[in-house]
Amino acid sequence: MSVRCLKDGNQPPSTPNFPSPANNTSDILTSTELLWACVDLDGDPILFDIYFGDSNPPSIVQSNQSLPFYNPGTLLFNTTYFWKIVAHDDLANQVSSDVWSFTTTNDQSFTCGGSLLDIRDGQSYNTIQIVSQCWISENMNIGVILNGSVEQADNNVIEKYCYDDDNPSNYSCWGTISMG
């Protein structure tokens, strides 16, 4: 255990600076971490309150954190976020950064005309641009095949019918129709 002598004129921590992402930047990945720099010239321990959100002023999301970084989780595409840091030492001295902002990328790694991955089952489907809309250019093939005489059930299972359901070679040629 260390004992500190309190001195007159104890200073607050430095103003949090060098934000990353940098202030007013754009095209930031949706999986970014917030980083900043801050020191206390008196050697006092520093704790941080983190304010973050898509409105200005941002709301507090974390209090009394000892590390100079924060992971906000996966962010939305093409969204402007605001954040600031309040640093305080154990002597109740505190200082706040400016409110910083950044905008996430609009690149969702998909271009119409390319392939679209269905994350439910890992199958890919070709797409096509028709006027201003993007369409899947083939039938989807997801779910459990039902014989044409069996009715679908409300059982939270994707069920489908297929042309000539006794012949699996038709599935890729004719696709399937998902009804529920």
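The structure contained in this document is the topic of the report that follows. Model, not experiment: these values are computed from the prediction.

1. Thoughts on the packing of aromatic side chains
Given two aromatic rings, their pairing is described by the distance between the two centres and the angle made by the two planes.
Thinking step 1. The tally for this structure, following the rule as stated, stands at six aromatic pairs.
Thinking step 2. The rings of Trp36, Phe48, Trp83 and Trp100 are connected pair by pair, giving a single aromatic cluster.
Thinking step 3. Its guanidinium or amino end placed over the ring of Tyr51, Lys84 lies 4.8 Å from that ring's centre, counting from NZ or CZ.

2. Here we look at the nonpolar core
Thinking step 1. Ranked by size, the top nonpolar core spans 17 residues in total, and within it Leu34, Trp36, Phe48, Phe52, Trp83, Ile85 and Phe102 carry the most contacts.
Thinking step 2. Excluding residues within four positions of it along the chain, Ile85 makes contact with Pro16, Trp36, Phe48, Asp49, Ile50, Val95, Ser96, Ser97 and Trp100.

3. Some remarks on the sheet that holds strand β11 (residues 123–130)
Thinking step 1. Strand order in the open sheet formed by three strands is β10-β11-β12, and the pairing between neighbours is antiparallel. Looking at the sheet topology across the chains shown, the edges are occupied by β10 (115–118) and β12 (133–136). Strand-to-strand, the axes of this sheet are offset by a mean angle of 40°, without reference to chain direction.
Thinking step 2. The pairing of β10 with β11 spans four bridges and is antiparallel. Paired with Leu117 across the two strands is Ser124, which belongs to β11.

About the thresholds
- Residues numbered from 1 in each chain as written.
- Predicted model: local features only at pLDDT ≥ 70, side-chain atom pairs only at ≥ 80, totals over all residues.
- Heavy atoms only, no water.
- Phe/Tyr/Trp six-rings, centres within 6.5 Å; stacked < 30°, edge-to-face > 60°.
- Lys NZ or Arg CZ within 6 Å of the ring centre and 35° of its normal.
- Core = buried A, V, L, I, M, F, W, Y, C linked by side-chain atoms within 4.5 Å.
- Buried < 20%, exposed > 50% of the residue type's maximum accessible area, 1.4 Å probe, protein only.
- Contact = heavy atoms within 4.5 Å.
- Pairing = 2+ DSSP bridges.
- Helix = DSSP H or I, 4+ residues; strand = E, 2+ residues; numbered from the N terminus.
- Axes fitted to C-alpha atoms, helices over the stretch in contact; angles between N-to-C directions.

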